[in-house]
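Per-entry structural report
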Amino acid sequence: MPQGVILCTASYDRTIRLWEPTTNICTCAINYADSQVNALAISHNKQILAAAANNHIRLFQLGNDSSSSKSSSRSKRSQQQQPQQQQNNQNNNQQNQIPLIASLEGHSANILSIGFQQEDKWMYSGSEDGTVRVWDLRTFTCQREYSVVSTKNDTKNNNSTHNNNNNKKKKPSKGIRPSNNHVNSVVLHPNQIELIAGDQKGYLRIWDLTSDKLIYKICICKGIPIRSVDISKDGRTIAIANHKGDVYIYHYKSDGYEESDEMIWDSYGFDAIEGAKITSGLSNVNHTTFTSSNSLEGLNMVLTPPTTSTTSLNNSPNTSINNTNTINNTINTNNNNTTNNNHINNLNTCLVTDDGAIRFIHRFNAHFNSYILKCKIAPNCSQLATCSSDSTIRLWDLTSQCRLQKTLIGHKKWVWDCTYNSDSSYLVTSSSDLTAKLWDCSRGEFIKEYKGHSKAVVACALHDTPVNY
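Counting starts from 1 at the beginning of each chain's written sequence and moves along it residue by residue. Only residues with pLDDT of at least 70 are given local features in this predicted model, and only at 80 or more are side-chain atom pairs given and counted; all residues enter the totals for whole chains, interfaces and linings. To get the side-chain values, all heavy atoms of the structure are used, and hydrogens and water are removed first.

With that settled, the discussion passes to the pattern of salt bridges. Every case where a carboxyl oxygen of Asp or Glu lies within 4 Å of a side-chain nitrogen of Lys or Arg is listed as a salt bridge. This structure, assessed with the given rule, holds 15 salt bridges. Of the charged contacts in the structure, one is a salt bridge between Glu259 and Arg236, with a shortest N-O distance of 2.6 Å. Linking Glu259 in the loop between β17 (246-252) and α4 (261-267) with Arg236 in the loop between β15 (226-231) and β16 (237-242), this pair joins segments that are 23 residues apart in sequence. Arg236 shares its class with Glu259; the two are buried. Among the ionic pairs, Asp417 bridges to Lys374, the shortest N-O distance being 2.6 Å. Of this pair, Asp417 sits in strand β24 (residues 415-420) while Lys374 is found in strand β20 (residues 372-377), placing the two residues 43 residues apart along the sequence. Throughout, exposure labels follow a simple rule: accessible area from a 1.4 Å probe, protein chains only, divided by the maximum for the residue type, with under 20% read as buried, over 50% as exposed, and the rest as partly exposed. Classification of Asp417 as buried rests on a relative accessible area of 7%. Going along the chain from the N terminus, every DSSP run of H or I of four or more residues is numbered as a helix, and every run of E of two or more is numbered as a strand.

Considering the arrangement of structural elements, one finds Val183 in strand β11 (residues 183-188). In this structure Val183 comes out as buried when scored by relative accessible area, which is 0%.

Grouping buried Ala, Val, Leu, Ile, Met, Phe, Trp, Tyr and Cys residues that are joined through side-chain atoms within 4.5 Å yields what is termed a nonpolar core. Among the nonpolar cores identified, the biggest contains 43 residues, and Ile220, Ile240, Ile249, Tyr250, Tyr252 and Leu384 are the most heavily contacted of them. At five residues, β17 tops the list of elements feeding residues into this core. Formed by 19 residues, the second largest nonpolar core is a distinct cluster that contains Cys28, Leu40, Ala51 and Ala53.

With that out of the way, let us pick up the sheet that holds β24. In short, DSSP must find at least two bridges between two strands for them to pair. Pairing is antiparallel in the open sheet, where four strands are placed in the order β24-β25-β26-β27. The open sheet terminates on both sides in strands that have one partner only, identified here as β24 and β27 (445-451). Direction aside, neighbouring strands of the sheet carry axes that sit 20° apart on average. Lines fitted to C-alpha atoms define the axes here, with helix axes fitted over just the stretch in contact, and angles between the N-to-C directions of these axes take values from 0 to 180 degrees.

A few words now on unusual backbone geometry. Even without a glycine there, the phi angle at Lys46 is positive, about 65°. Inspection of the secondary structure assignment puts Lys46 in the loop between β4 (39-42) and β5 (48-52). Taking the relative accessible area as the measure of exposure, Lys46 reaches 0% and is therefore buried. A positive phi angle, close to 80°, is found at Ser391, a residue other than glycine. The class of Ser391 is buried, set by a relative accessible area of 9%.

Here it is in structure tokens:
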């Protein structure tokens with residue numbers, strides 16, 4: 001891996017650890033006494049580490065790429081010159097050496113998802129308080145707030161707007177979830193002007209930051225929490241993973257990029273005839289297409305499910321999502337076709353938006369009804385990684401009808417987070433088994449293991465792209 005790599009993990013032991021990736025050495029540990037850390041993000045210029053917790057986001061100064069490289073070199077020389085016990089003592093003495101820049105306050109519950117704008121001028125966050133916020137990194141203040149919280153009337157009519165309850169001031173909670181809906185995952189479109197969020201009720205929302213409006217509200221899996229959302233670097237593919245192990249793949253047409261229907265379906269490994277059947281709902285996957293509603297002010301399109309009942313999915317997990325006990329792995333790793341046609345019949349999801357911009361491509365059950373805790377599209381846009389409560393990570397080929405490529409086995413408990421390196425050849429994962437691992441994606445084996453946390457490791461972040469100052 002290239003020089004100047006930043007790898008960090010966060011744990012329920014309330015510490016953040018920075019690692020030298022090639023030597024497995026913890027170069028720095030940050031005590032985080034306020035609460036557990038739920039998510040980590042590294043700014044594009046490698047100067048800021050953001051940690052999302054309960055009610056707040058802390059920003060730490062990492063320094064520039066050159067200082068990271070020097071720190072890495074010092075740790076290597078120290079490892080060669082000192083016994084392991086002295087090395088451990090040195091690591092302990094390095095705690096809290098990374099200065100705190102600022103604390104972003106405003107959310108009233110756990111913050112589950114964060115990220116940086118490409119030029120690091122602002123960042124975004126999604127929380128269990130039911131809001132998505134945009135933060136100005138020059139003033140460290142909230143500049144935008146979008147809500148997924150609905151009133152009783154809104155819920156009855158299957159309608160909600162991006163400004164519901166914005167005028168109500170919420171008191172910070174102490175571990176209490178105050179909203180009737182949570183934002184579990186939010187990502188920024190590569191065009192840098194659209195925020196895409198998945199919520200607790202199974203809806204996907206897209207806000208346009210230029211017009212400051214909600215432009216899409218799409219029913220993905222009504223009543224089933226969306227756990228993770230990601231969008232490919234080319235902006236063409238949206239991956240959505242839910243509470244029951246299902247993955248939904250959508251195609252998102254980009255402005256200025258003309259594609260025929262045949263080109264779209266071919267890029268995912270389907271022929272045009274099968275694609276037409278899927279879009280029309282005539283394939284063996286029985287879907288329903290929903291129409292737009294113009295009743296909401298400032299909302300271009302609302303896609304909501306019909307009032308007819310849907311077939312419930314069997315084998316729903318009945319344990320809490322916060323349970324970090326080991327889940328038995330019941331996946332047959334030799335079975336590359338994990339799609340169960342009976343399981344996905346009567347699916348209540350949107351096939352295509354009225355303007356044709358967002359189109360359903362494929363759905364499959366990736367982890368046999370176990371929780372998917374994170375899905376991540378590789379930078380090369382051709383592979384999807386899913387990590388699950390079944391202790392495995394699975395790699396899927398987005399260019400070949402989402403066929404299973406590899407099942408990564410090595411963790412012993414829930415796998416909470418994953419992130420690729422810049423060329424998609426490596427994957428870092430974090431788990432309740434107290435470790436993080438570095439995987440070689442082509443071999444399907446872990447090549448490094450990072451130990452040091454005393455409780456579940458629930459977040460990881462990796463940045464190995466050179467930065468030009």
